[in-house]
Amino acid sequence: MTILTVENLTVCFPGRRGTINAIEDVSLSVSAGEILGMVGESGAGKSMTGAAIIGLIEPPGRIAKGEIRLEGERIDNLRPEAMRRLRGRRIGAIFQDPLTSLNPVLTVGEQLIETIQTHLRLPRSQARERAIDWLRRVGIPAPEARIDTYPHQYSGGMRQRVVIALALCAEPQLVIADEPTTALDVSVQAQIIALLRKLARETGVAVILVTHDMGVIAETADRVAVMYAGRIVEIGEVADVLTAPKHPYTSGLMASIPRIGERPETLPQIEGAMPRPHARPEGCAFAPRCPHRMEICTRERPEPRGTLTRSVACHLTEEVPA
Amino acid sequence: MLGFLIRRIIQSIFVMLAVALIAFMMFRFMGDPVNSLVAENATVEERDAVRERLGLDQPLWVQYGRFVARAATGDFGLSWRNARPVSTLLAERFPATAELVLVAAGLSLLLGIPLGILTALRPHSFSTQTLQFFSLIGISLPTFVTGILLILVFSVWLGWLPSFGRGTVVDIGWWSTGFLTLSGLKALVLPSVMLCLFQLTLIMRLVRAEMMEVLRTDYIKFARARGLTNRSIHFRHALKNTLIPVITIFGLQLGGLIAFAIVTETVFQWPGMGALFIQAVSFGDVPVMAAYLVLVSLIFVVINTTVDLLYAVLDPRLRVDGARAAH
């Protein structure tokens, strides 16, 4: 069952030097229980896509074009109050840094209970029960005692578990996890990834997992969307995209992952840098760095070809297997 | 918490001993006190007798010890100017200053915090721009100028409020209060407005800056992403974090209020400790000056200790003992 559909989403930031499009024509969909990974370099627009879906684009940024549908119902044009009710209740969010995501002066329990009571009509005692239950589900030991302690009394990994509990405690259908493991130790990263997978399977929540770590995608996601300069350049099943990338940028990304056992003289890398939003070239944004650049690439922007589930935006790809 | 309190009290005792030493040294700066106590033609024997009777022949540290011991019981000797016990003089004047400072501090908090929040939440509105403009005036005009302007407008031109004195006061025990009569309350208005103006603008600007800072933090963004109401985000999640630094500054400024009260009391002829101190300075009345110094220092020490205790109430990260118990 499709939970979220995004079609031709464009987010623009009006500024002094004209309007800048942070993301352009982004289309994707996520189904219940599915984990959609979003990868790309910093500034590619992964987090902006997440912010647009949850309705928290910082002004003066705004959605210029496109539609966002949650279970078939448009949510990109909701009034602020309706959007607030939806956040937390139907779309949850997990932030990058667990050390700064929790309010230092409120206990973990106060933050959980408040979130639960904001969205569900429950008396305080039941909200507390539910909060303890969620702490247990995300793997906090002795939740009955830990619920009344403050965030600084938790380790980084434990705090990220609390953040996950806070994002899921009102049982949303979709959760956007923005770099949930980036700030954590490698050993803790694996635990958090495993927890996210387990919860997605148990609760049927759809997950959009924003990361720049291909390893995390390979381990966690069912499908992956590769973003470059504000656009999705390739989207598809993780197995397909990682083993048989169609877009030269995805190939480049895959090639630059160092492998154990190989000691090449120079590490493979993609030459050059991603263009800034106000300096994107006319045709394909990747053309200046592309090893397979053709004459058409600098003239004409390639449109995504294929279906919502597997598509590539590249002139090299004439036909995409469905 | 108890350990912290005991440590702070011990620290405070050392601070007060140091202050007492400075106060004690003031007596020595004025030259040999015996000169001013005996007749000009007194013999060496007569001078020595006075010196011995007053204990001035003993080593300095013994004299200092006696000064501290007596100061601890509130005994600062007699005022040189009007030969009354210094402690009585201060006790008479203390309520006037205390009430003035209390009203000024209350005004600056009760107005400064809400105005700071308002201007932080609507940073581009017309009312914010106006308030910011006036707060700039408030923070840069010297208080004696605003005081004189207030007298000019409200006493001379409009004739609404008295320009000097405390009005009618009511004695409750040794405390004389101006809170219970209309003229006492009216007399409080102008001096407390003058005294609080600087603090008010300072607190407003501080709350605004802190609040805007807090509203940019990740935990506020995460609270928004969880769909919490604006009211809860602003007043539950943001305000508590905003107030932690505000309390420090307010604590320090409360001492400043007492110090600034000297100027206000002079402008409004307010019969408080500040006015007493100014008189003492002009007459070289060392016991009064010494006692004022010790008393003001004591107030500072008490305020700072209270502020540190308040921190622990507001910020759980500082409750060291509590954190250990929870592990």
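Residues numbered from 1 in each chain as written. Chains lettered and ligands numbered in written order. Predicted model: local features only at pLDDT ≥ 70, side-chain atom pairs only at ≥ 80, totals over all residues. Heavy atoms only, no water.

Asker: What am I meant to see in the overall build of chain B here?
Answerer: Of regular secondary structure, chain B possesses 13 helices and two strands. Along the three orthogonal principal directions, the C-alpha set of chain B runs to about 90 × 65 × 35 Å. Counting every atom, chain B has about 17,100 Å² of accessible surface; 70% of that belongs to carbon and sulfur. (Helix = DSSP H or I, 4+ residues; strand = E, 2+ residues; numbered from the N terminus. Areas by Shrake-Rupley, 256 points an atom, 1.4 Å probe, with all protein chains shown as cover.)

Asker: Which parts of the structure should I look at to understand the packing of aromatic side chains?
Answerer: Where two aromatic rings form a pair, the distance of their centres and the angle of their planes describe that pair. Residue and element names in this part refer to chain B. Under the counting rule described, the total for this entry stands at eleven aromatic pairs over all chains. For the ring pair Phe-24 and Phe-67, a centre distance of 5.7 Å and an interplane angle of 45° mean the geometry is tilted. With Phe-24 in helix H1 (residues 2-29) and Phe-67 in helix H4 (residues 60-72), this pair connects stretches of sequence that are 43 residues apart. The buried category is assigned to Phe-24, whose relative accessible area is 8%. (Phe/Tyr/Trp six-rings, centres within 6.5 Å; stacked < 30°, edge-to-face > 60°. Buried < 20%, exposed > 50% of the residue type's maximum accessible area, 1.4 Å probe, protein only.)

Asker: What's the story with the interface of chain A and chain B in this structure? I'm lost.
Answerer: Many descriptions give the size of an interface as the accessible area lost when the pieces come together. Across the boundary between the two partners, chain A contributes 30 residues, which contact 25 residues of chain B. Buried area between chain A and chain B, both sides added, is near 2,400 Å², and the carbon and sulfur share of it is 60%. Joining chain A to chain B, the criterion identifies one salt bridge. A:Glu114 is the salt-bridge partner of B:Arg236, the closest N and O atoms lying 3.1 Å from each other. On the surface where chain A and chain B come into contact, there are eleven residue pairs in polar contact (both at pLDDT 80 or more). For the side of chain A that touches chain B, the secondary structure elements donating two or more residues are strand E6 (91-94), helix H3 (98-101), helix H4 (108-119) and helix H7 (156-168) of chain A. Here the side of chain A that touches chain B takes six residues from H4(A), the largest share from any one element. (Contact = heavy atoms within 4.5 Å. Buried area = accessible area lost by both parts, 1.4 Å probe. Salt bridge = Lys/Arg side-chain N within 4 Å of Asp/Glu carboxyl O. Polar contact = N/O pair within 3.5 Å; in protein donor to acceptor, adjacent residues only side chain to side chain.)

Asker: Even after reading the chapter, I still don't get the UniProt feature "domain: ABC transporter" (unreviewed entry) in chain A, so can you show me in this structure?
Answerer: Residues given the UniProt feature "domain: ABC transporter" (unreviewed entry) here are residues 4-254 of chain A. Annotation note: span residues 4-254 of chain A, helix share 40%, strand share 27%, distance between end C-alpha atoms 28 Å. (UniProt positions renumbered as here; feature names shortened; annotations may be inferred.)

Asker: Got a minute to help me understand the UniProt feature "domain: ABC transmembrane type-1" (unreviewed entry) in chain B in this structure?
Answerer: The UniProt feature table records "domain: ABC transmembrane type-1" (unreviewed entry) at residues 94-311 of chain B. The span residues 94-311 of chain B is 80% helix and 3% strand, and its two end C-alpha atoms sit 28 Å from each other.

Asker: Would you mind going over the domain arrangement of chain B with me for this structure?
Answerer: All names here are of chain B. Considered domain by domain, chain B is made up of domain 1 (2-72) and domain 2 (88-326). Each of domain 1 and domain 2 has a C-alpha centre, and the two are 35 Å apart. On the side of domain 2, 15 residues touch domain 1, which itself brings 13 residues to the contact. Of the roughly 1,200 Å² buried where domain 1 meets domain 2, counting both sides, 83% is carbon and sulfur surface. In terms of surface lost to domain 2, no three residues of domain 1 exceed Arg-8, Met-16 and Met-26, which account for 38% of the buried area on that side. Our enumeration of links across domain 1 and domain 2 arrives at one salt bridge. In this structure, the salt-bridge partner of Asp-308 is Arg-8, at a minimum N-O distance of 1.8 Å. At the surface where domain 1 touches domain 2, the tally comes to one residue pair in polar contact (both at pLDDT 80 or more). Grouping the amino acids of the side of domain 1 that touches domain 2 by side-chain chemistry returns eleven nonpolar, one polar and one charged. (Domains from an automatic or database assignment. Nonpolar A, V, L, I, M, F, W, Y, C, P; charged D, E, K, R; others polar.)

Asker: So what exactly am I meant to see when it comes to the side chain of A:Thr49 here?
Answerer: Residue and element names in this part refer to chain A. Within the element layout of this structure, Thr-49 appears in helix H1 (residues 46-54). Residue classification places Thr-49 among the buried positions, given a relative accessible area of 0%. A distance of 2.7 Å separates a polar side-chain atom of Thr-49 from the backbone oxygen of Gly-45. Here Thr-49 is in contact with Ile-23, Val-26, Leu-28, Met-38 and Met-227, once residues within four sequence places are set aside.

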